Amino acid sequence: MSNNLDKAEINYQGKTSQFNIIKSSEGANAIDISGLRDKTGLITYDPGFQCSSAYKSKITHIDGQKGILRYRGIPIEELAEKSSFVETAFLLIYGYLPTNDQLNLFSNRLTEHSILHEDMKNFISYIQQHAHPMPILSTMVSTLSIFYSDVFDLEAREEKISDFDVNIVRLISKIRTIAAFAYKKSCGEPFVYPRHDLSYCANFLNMMFSSPVKPYAIDDEVVKILNAVLILHADHGQNCSTSTVRLVGSSQVNLFSAVCAGICALWGPLHGGANQKVIEMLADITKSGKSIQKIIDEAKDKNQPFRLMGFGHRVYKTYDPRAKMIKKICIDFLNKKSIADPILETALKLEEAALKDDYFIEKRLYPNVDFYSGIVYRALGIPTNMFTVMFAIGRLPGWIAHWKEMNETIPHKIGRPSQIYLGDGLKHFIPMDERKILI
Ligand SMILES: CC(C)(COP(=O)(O)OP(=O)(O)OC[C@H]1O[C@@H](n2cnc3c(N)ncnc32)[C@H](O)[C@@H]1OP(=O)(O)O)[C@@H](O)C(=O)NCCC(=O)NCCS
């Protein structure tokens, strides 16, 4: 393959075909291979989509070599320090920082849509008590399309906004109510309704921790930290769950169904489920007294399935900037509250040992967003089985932003990857009594 500045050439079977280069505003340019099959008869093979872009996007820039992450051009460090989760959600979805009036309107809409339909509440109350909150979350988000499926949406007409925008606020608002109800269900406590006088994060904390016998005292410091941690999770380009939302949404299914698919993708331990696995791993090391070196050796041993959870990333080949921020938030908060968490001690020792180890250095494996986030959640009182739910609440604005961007892209193409078929050639049906047992 040869290339000049705006074309690339592929020589195959004596024929040279040219392909346009698409320039990115930052980061790697791309070869537009959309005509590859017609021109050459070839398709591409790229397991895990390591070198393939399916979309053009203006939402988030990541530089995995330099450890840079920006939402709509703004560094996450600035947003985590100066913005609120609701403001960052607006930024990601609509592409610009809101004015005071726009932010108030958006926040008020979130407040107004926070309550769940009583039938949804009843639905949650029938779910088996010890169910993990992640499948409750995905089920209930999917259920929103039962309750809000009208083509002519009355609430949207009353508020004079599009069906599209009303569903965005419904989802961002109700996800925290669903999440808190899922938690209350898992511990057998009564549901606590959202309150119109509380901000987004304070409302969530109150629904989680208030009870008829003990009201929850809202701590501004805790609210601030929750805002920052959610901001740091709010988008991350074409990760597994966001690509899932785009792929499912490309069939033009409704927002709730596409996000439900994203939540399911997030739950896996190689993605958002890693934050729960990290704490379980750290708690196990802390409790068992296993040596740090033994853990590192196990993670390097290719004969064992064990990996150091919260380490490594497809994109970052340096310290994940989100992990850097969360680690600082975590240490500052624990110090301020004089909380001595032995799990933090284990995490710090493990990180130090891994970053000195040749295997981790060679493969450029650093702590990712999940390594310290669970320790912060613990300090905020959030139970381990809710960690991935917290990730889902944080990632929701990113999913919505990508879904919106995709729906506004013309032409809108349904997602449909190719495959390389390696199965049998033509075979004929064998009647049952003539079949042999195949082992
Ligand atoms: C995040 C992750 C899935 C990225 O996967 P990926 O980009 O496909 O990278 P690979 O799985 O191919 O890893 C590259 C190499 O590093 C090794 N590696 C990656 N992460 C590792 C970890 N956490 N512990 C030990 N080895 C690891 C792999 O075994 C592989 O080694 P090899 O080249 O000798 O086969 C992977 O790093 C991982 O499983 N991390 C632990 C789970 C986690 O924290 N997930 C949250 C992500 S935010």
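In case you missed it, the structure is sitting above this.
Summarised in this report is the structure supplied together with it.

So, how was this worked out
Residues numbered from 1 in each chain as written. Predicted model: local features only at pLDDT ≥ 70, side-chain atom pairs only at ≥ 80, totals over all residues. Heavy atoms only, no water. Helix = DSSP H or I, 4+ residues; strand = E, 2+ residues; numbered from the N terminus. Rg over C-alpha atoms; globule rule 2.2 N^0.38 Å. Buried < 20%, exposed > 50% of the residue type's maximum accessible area, 1.4 Å probe, protein only. Areas by Shrake-Rupley, 256 points an atom, 1.4 Å probe, with all protein chains shown as cover. Lys, Arg positive; Asp, Glu negative; His and termini not counted. Charge placed at Lys NZ, Arg CZ, Asp CG, Glu CD. Pairing = 2+ DSSP bridges. Salt bridge = Lys/Arg side-chain N within 4 Å of Asp/Glu carboxyl O.

Attention now goes to the overall build of the protein chain. Each helix and strand in the protein chain was counted, giving 19 helices and seven strands. A compact globule built from 439 residues would reach a C-alpha radius of gyration of about 22 Å, and the protein chain, at 24 Å, matches this within 12%. Considering only C-alpha atoms, the protein chain reaches an extent of 80 × 65 × 60 Å along its principal axes. Within the protein chain, the fraction of its 439 residues that count as buried is 47%. Carbon and sulfur atoms provide 54% of the accessible area of the protein chain, an area that totals close to 23,100 Å². The average position of the 51 basic charges and that of the 48 acidic charges among the side chains of the protein chain differ by 3 Å.

As judged from the six bridges shared by strand 2 (residues 7–12) and strand 3 (residues 15–22), these two strands associate in the antiparallel manner. Directly across from Glu-9, in strand 3, lies its bridge partner Gln-18. Linking two consecutive strands that pair antiparallel, namely strand 2 and strand 3, is a turn of two residues; a positive phi of about 50° is found at Gln-13 within it.

Backbone hydrogen bonds hold the strands of a sheet together, and the pairing may be parallel or antiparallel. Sheet architecture is open: three strands sit in the order 5-6-7, paired in antiparallel fashion. Bordering the open sheet on either side are strand 5 (60–63) and strand 7 (74–75), each of which pairs with just one other strand. Both strand 6 (residues 68–71) and strand 7 contribute to a ladder of two bridges, which runs antiparallel. Looking at the pairing, Arg-70 lines up with Pro-75 of strand 7.

Right, let's get into the pattern of salt bridges. Per the counting criterion, the structure on display carries 20 salt bridges. Glu-298 is the partner of Lys-290 in a salt bridge, and the nearest nitrogen-oxygen pair spans 4.0 Å. The exposure class of Lys-290 is partly exposed, given its relative accessible area of 32%. Among the residues examined, Glu-298 registers a relative accessible area of 15% and is labelled buried. Across the pair Asp-297 and Lys-300 runs a salt bridge, and its minimum N-O distance is 3.9 Å. Note that Asp-297 and Lys-300 are positioned in helix 14 (residues 292–300) at a spacing of three residues, about one turn of the helix. Here the salt bridges do not stand alone but share partners, grouping Lys-290, Lys-294 and Glu-298 into one network.

Remember, this is a structural readout, not a statement about activity or role.
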